[in-house]
Structure formats: C-alpha cells, structure tokens
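Spelled out, the chains give:
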Amino acid sequence: MDQVKIMTLNTWLGGEAVHDGISKLARAVSFSGADIVGFQETPDPAAAVAKQLGWYSAQNNEGRGNCSIISKYPIVDSFYLEEVSAVAAHIELPSGQRVIAVSTHLYYDPYGPYWALFDGKTAEEIIAMETEVRGSEIGAVLKALEPLVASDAPLFLMGDFNTPSHLDWTEAARASHNDYSIEWPVSRMVEEAGFRDSYRDIHPDPVSMPGNTWSTVHTPEHPWGDNPFEPQDRIDFIYYHGSTVAVTASEVVVLGEPLGFGSHEQNEWPSDHAAVMSIFHIKSL
C-alpha cells in the first residue's frame, strides 16, 4: 500500500505579492510535508520552486489562471486540458504505481458569496450564475477526465474553484451564511462525476470544521475592494476518485500568522489563500 500526501495552493500571482515569494513557496511546500502539490495562479514559479526543492514540475501556461503541478516523484507524462485552466500529470510513486494529479483554477467573477451576502440575490439566481460561469468550466474539465475516471486509476482533482461547496452551505450552517442554504452546482457536478471531497470526508460537519481557505489576508477586517467585510469560505479543494484510494487525513495549512492585506508583503505565508493538504492510502493492484 502506498501513502501519498497531496496539497493544493493558489500561489497569489506566483509568489509576487510577498517579498522573496519563490523561496517562501518552497518553504510552504516543505512545511506541509506534501509529496505532490497543485499550484494555481502561477505565471512562472513552478519550475523555480521545483528547482529549489529538487522536484519535478509540469505547467500549463494556456488559458486563464495558469496551473502547475510539482512532485517529489517523477512526472512521467503531463497534458493540458484545452480551453480551460488545468494541467494533469501522471506521477510514478516509489512502488512503481502511478497516480494522476490534476490542478485547475476556475474563474473568479462574479463571486457567489458576494451575490449572497452583499447583493441580496436569491439562491436560484446564484445557482444559475454559477452553472453558467464556473459550471461550464468544470464541465469541460470533467469531460476531459472521463476516460481516466472510467479507467479507475488513482485520480486527484485539486485547485482553486472560486466557489463554495454544497457540503458547506447546508441547512445546519445557515447561521454562518446569512441564513442562506445553497446547493452550489460546481461541487455537486464534481460529486456526480464520481469524485469525493477529501476534506469533508474527514471533517463532515461544516459548522464545527468549516475549513475556510479564503482568505489569509482578506480577513473580515481587511476586505477585498469595497466590500463592507470579507466573507470567509472554503473554495480550495482536493477531490479524489478510484476504488483503490482512501483518504486518511486532511487539513488546512498556513505557515505563521499572516498579516492582513496592506501589511502582507513581509508575510512568511506567500498566498492570500490557505492551502489544503490531504493524505491518501492507495492499495496495490
């Protein structure tokens, strides 16, 4: 049986928002203990971070958002998903078993929680918007991954989805979301494609363990733009698929105590997102 630790992290403009961002991204990876990392919002740091760590890298410079994967283990093949911001890598573990890691970055605007908390849109209006904007993107990703899903290979889909999960804005969690309960369509589509949410599998209660990843610097007191406050949500995910794959742990990862936006340049943590790191066991075939 193999164990593999996988992390997803939006790099915030490739580490450019903080001083010495490439080294801080490398330290963030080392701190997490991850074996495979999916980066998003990466103009060019994947190869540089991988070089500092002595790792392998694969990057998609096409489409919006730019995505990459770095790995402690050899990347034996990689491919880009056309017309969306996503990259996939076939990675060989020390046992010789191969897994597939996919990093994606969905578009950020319009942002559903703002519609809910600031614009007073109905749940139906928000769901329709999400389906049109990010639903079309994740639909393309899932369509491209259908052969891999059908093969039952160990498959991990991670990234900054820029939308919450239907597993979080539940009836029980209404008090945390201005009395909204929303069946966010992107996470539902991923689930219906056969993937499982690694963090929510380990922490099933969104009230006691919200797992928020947005934001480390845009806190309620340091909102984005002209917002009266900044809603905090779980918008970064590691999904998994495969009958041989089981998640055994999952956590939100932040190094140090980041200062709020405007005082962030010296932060040790290089991102405006928290990372997610999940540990998986993969049975030998």
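These remarks concern the structure in this document. Here the structure is a predicted model, which is why all the values come from computation and not from measurement.

What follows deals with helix α5 (residues 185-192). Residues of α5 that are buried include every one of P185, V186, S187 and V190, and no others. Downstream of α5 by a residue or two, G194 has a phi angle that is positive, lying close to 105 degrees.

Okay, the packing of helix α4 (residues 123-151) against α5 next. Relative orientation of the contacting elements α4 and α5 amounts to 35 degrees, with a least axis distance of 8 Å. Seen along the crossing, α4 lies across α5 with a hand that is right-handed. Taken together, the residues of α5 that come into contact with α4 (itself represented by I127, E130, T131, R134, G135, I138, G139 and L142) are P185, V186, M189 and V190. Taken together, the residues that form the contact of α4 with α5 break down as 7 nonpolar, 3 polar and 2 charged.

Let's shift gears to the pairing of strand β6 (residues 86-92). Along β6, 6 of the 7 residues are buried, which leaves the element largely enclosed by surrounding structure. Bridge count for strand β5 (residues 75-80) against β6 is 5 bridges, and the pairing is antiparallel. Residue pairing for β6: F79 is matched across the bridge by A88. Counted along the chain from β5 to the antiparallel partner β6, the turn is 5 residues long, and its residue E83 has a positive phi close to 70 degrees.

What follows deals with unusual backbone geometry. A negative phi angle characterises most non-glycine residues, just as the trans form characterises most peptide bonds. Here the residue pair D109 and P110 is connected by a cis peptide bond, since its omega of 0 degrees sits within 30 degrees of zero. Omega for the bond connecting W214 with S215 falls within 30 degrees of zero, at 5 degrees, which places this linkage in the cis form. Residues other than glycine seldom take positive phi values, yet W12 does so here, at roughly 55 degrees. Looking at W12, the relative accessible area reads 7%, which means it is buried. Here E41, not a glycine, exhibits a phi torsion of approximately 60 degrees, which is positive.

Analysis parameters
- Residues numbered from 1 in each chain as written.
- Predicted model: local features only at pLDDT ≥ 70, side-chain atom pairs only at ≥ 80, totals over all residues.
- Heavy atoms only, no water.
- Buried < 20%, exposed > 50% of the residue type's maximum accessible area, 1.4 Å probe, protein only.
- Helix = DSSP H or I, 4+ residues; strand = E, 2+ residues; numbered from the N terminus.
- Axes fitted to C-alpha atoms, helices over the stretch in contact; angles between N-to-C directions.
- Left-handed = near helix turned anticlockwise from the far one by under 90°.
- Contact = heavy atoms within 4.5 Å.
- Nonpolar A, V, L, I, M, F, W, Y, C, P; charged D, E, K, R; others polar.
- Pairing = 2+ DSSP bridges.

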